[in-house]
Amino acid sequence: MGAPPLASWPWENLGTYKYLLCGPLLAKAVGGRAWEPASPDHWCFLLLLLFVLRAATYHYWNAFSGILFLNRRRRVIVRGGVDFEQIDKEDNFLILQLWLAAVAMYAFPSLRHLPLWDARGAAVALLLHVAATEPLFYLLHRARPALLGLPLPTPLQQNPPAFHTGFATPLEILAISMLMAAPVAAACAVGLGSAGLLFGYTLAFDFLRAMSHCNVEVFPGWLFETVPAAKYLIGTPTYHTVHHTDKDCNFCLFMPLFDLLGCTLNDKSWELQKRNSAGSDEIPGFVFLVHLVDVTASMHSRMVSRSQNSLPCRATPAAVLLWPVAFASMLVMWAWSETFPVYSYRLRGGLFDTWIVPRYGFHYFLPFAKDGINRQIEAAILRADKMGVKVINLAALNKNEALNGGGTLFVARHPGLRVRIVHGNTLTAAVILREIPEGTAEVFLTGATSKLGRAIALYLCRKRVRVMMLTASEERFQKIQEEAPSEARQYLVRVTKYQSAQHCKTWIAGKWLSPREQRWAPAGTHFHQFVVPPVLRFRRDCTYGKLAAMRLPEDVQGLGVCEYTLGRGVVHACHAGGVVHFLEGYEGHEVGAIDVDRIDVVWEAALRHGLRPA
């Protein structure tokens, strides 16, 4: 059987450019100075204002459901993120309904001149909502699969965020829009319509729908014990999420009364609601402990914009406008904040959390901030250990050798830790090494005495590859050279100037390269790199590798977040290394120096579990 009519959105392939569909209406509003009450196009301004307020309503509930550090113990269903496919589609209904409203304004010019308020119209709308919209929505929702040839909710939809209200086909949104418009249209038809009713009813409708989909229980359990009738007048987030898990019950819009009348009310809804409001939580098995990169990157957050958070981090006009707010937030977090969770995803039945240390990249280079940062990291490790987390993966500067010895500080302080501390750099080294073409005879390595530089040099010299190690420290170089097998030591060569590599076409950058330093590379050089921020692409006659990263297995669920500048489904190699540590069930910590003998072992384990180079 073919797909039902209007089963997909016509602008599905436009990405974020779909918002340009609002452009003609915006142009008309600007051209007609619609913000002025006397303008004949004032209705355009009102529709656009309503569009913005509606989007803000759903955004508020999305942000609330994403603030895990406030509500993680009140999650309604199993914690996990939202997939990219859902995020891309979930606000389509607002665009469609904006144009439906514009068409109505053209078809019925009297709607452009509604009075500000009429209480009688509000009474009519409320009556029609209860008598028509609620029962018709119930019937449509219950008959949805048979009428539209559509399946019941899928696992993709079992974590229903606020914007999930619009995660439907255009045909369904058209039907819902008619039901939503009916009470206001009826009030207008009898001459009792008003602008206040249009705004008030629409925003109340959005508020209640977004609340019921927010995935966080907001009603106290005692409310329905004190007022039993209330349980049939308002559907709670728990009540609605039961529909997404059991699928054949709780079909109502806002009033469970209609499920009661239709014999589709799940009797366990209120017991579950009481338990959720009292607090419950699923313990993650894995935690990736990150920090904020800079003020601009801090706006790449679900709390700011989930749609932007689902795309690689980049500077946008909105980021520039919000920079003062982000800067103020940075000062507040610096003065008073502790590590908190920011998002989750699921893999192989396990829950994978990302927690954030409320410090920015520049903090890690302030001598007086070192102890405070380590206290934050240590507190997160101890909390994870107490919770029963299996693996905590230190990201970026949280595992800096100068800060805590790559995690060795915490293992030494707490020898009885059950949680395994992992820096993940064994897999990072493997990813970088696999990028080097077979047959390469010589490489130039900067950052040569760092944790990764040491491992890369020792691995390559065993393969009889000549490694020019750029370092000013003869002592550090000799220490690394002594670790190499005696027959391979001759392949490690210390150099002190970039000029030494002017004939070498394979550069591995573990230290940032300025344009001036890059000039010494011959034409055709490829720059591999494990430095943050990435090296500037200065040379047009050379090629540049990306930061070491891997694509998570295809069965990952709920990963609706892009990790910094990486693409969808891709994580930094150290993150992937922690995932492998968890999936393999390794018992030991992975801290301090990289065990060169384990580079191939971890690489093969990563491939075995379905991770792939990005």
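Identification of the chain as aldehyde oxygenase (deformylating) from Urochloa decumbens is taken from an unreviewed UniProt entry. In the Subcellular location (unreviewed entry) part of its UniProt record, the chain is described as follows: "Endoplasmic reticulum membrane". The Catalytic activity (unreviewed entry) comment attached to the chain in UniProt states, word for word, "a long-chain fatty aldehyde + 2 NADPH + O2 + H(+) = a long-chain alkane + formate + 2 NADP(+) + H2O".

(A) Inspection of the sheet that holds strand E1 (residues 286–292) at higher detail. Taken in spatial order, the five strands make up an open sheet running E2-E3-E1-E4-E5, and their pairing is mixed. Both edges of this open sheet fall to strand E2 (340–347) and strand E5 (420–422), since each of them pairs with a single strand only. The mean angle between the axes of side-by-side strands here comes to 25°, regardless of whether they run parallel or antiparallel. Where E2 lies against strand E3 (residues 350–360), seven bridges are found, and the strand directions are antiparallel. Within E3, the residue paired with tyrosine 345 across the bridge is phenylalanine 352. Of the strands in this sheet, E1, E2 and E3 are in contact with helix H14 (residues 317–335), which crosses E3 at around 95°.

(B) Spatial organisation of the nonpolar core. Ranked by internal contacts, the top residues of the largest apolar core, which has 72 residues, are Tyr345, Leu427, Leu460, Leu492, Ile508 and Ile599. If one sorts the elements of this core by residue count, helix H19 (residues 451–462) sits on top with eight residues. Those residues in contact with isoleucine 599 that lie beyond four places of it in its chain are Thr426, Ala429, Ala430, Leu433, Arg434, Ala455, Tyr459 and Ile594. The next biggest cluster of nonpolar side chains, apart from the first, holds 31 residues, and it includes Ala29, Leu47, Phe64 and Ala210.

(C) Structural view of a nonpolar patch on the surface. Taken together, the side chains of Leu26, Val30, Trp35, Phe45, Leu49 and Leu53 define a hydrophobic patch exposed on the protein surface, amounting to about 500 Å² of accessible area. Of all the secondary-structure elements, those providing two or more residues to the nonpolar patch are helix H1 (23–31) and helix H2 (42–66). Here the nonpolar patch takes three residues from H2, the largest share from any one element. With respect to the helices and strands, tryptophan 35 occurs in the loop between H1 and H2. For tryptophan 35, a relative accessible area of 41% gives the class partly exposed.

What counts as what
- Residues numbered from 1 in each chain as written.
- Predicted model: local features only at pLDDT ≥ 70, side-chain atom pairs only at ≥ 80, totals over all residues.
- Heavy atoms only, no water.
- UniProt positions renumbered as here; feature names shortened; annotations may be inferred.
- Pairing = 2+ DSSP bridges.
- Helix = DSSP H or I, 4+ residues; strand = E, 2+ residues; numbered from the N terminus.
- Axes fitted to C-alpha atoms, helices over the stretch in contact; angles between N-to-C directions.
- Contact = heavy atoms within 4.5 Å.
- Core = buried A, V, L, I, M, F, W, Y, C linked by side-chain atoms within 4.5 Å.
- Buried < 20%, exposed > 50% of the residue type's maximum accessible area, 1.4 Å probe, protein only.
- Patch = residues over 30% accessible without salt bridge, like charges linked within 9 Å, V, L, I, M, F, W, Y side chains within 5 Å.
- Areas by Shrake-Rupley, 256 points an atom, 1.4 Å probe, with all protein chains shown as cover.
- Salt bridge = Lys/Arg side-chain N within 4 Å of Asp/Glu carboxyl O.

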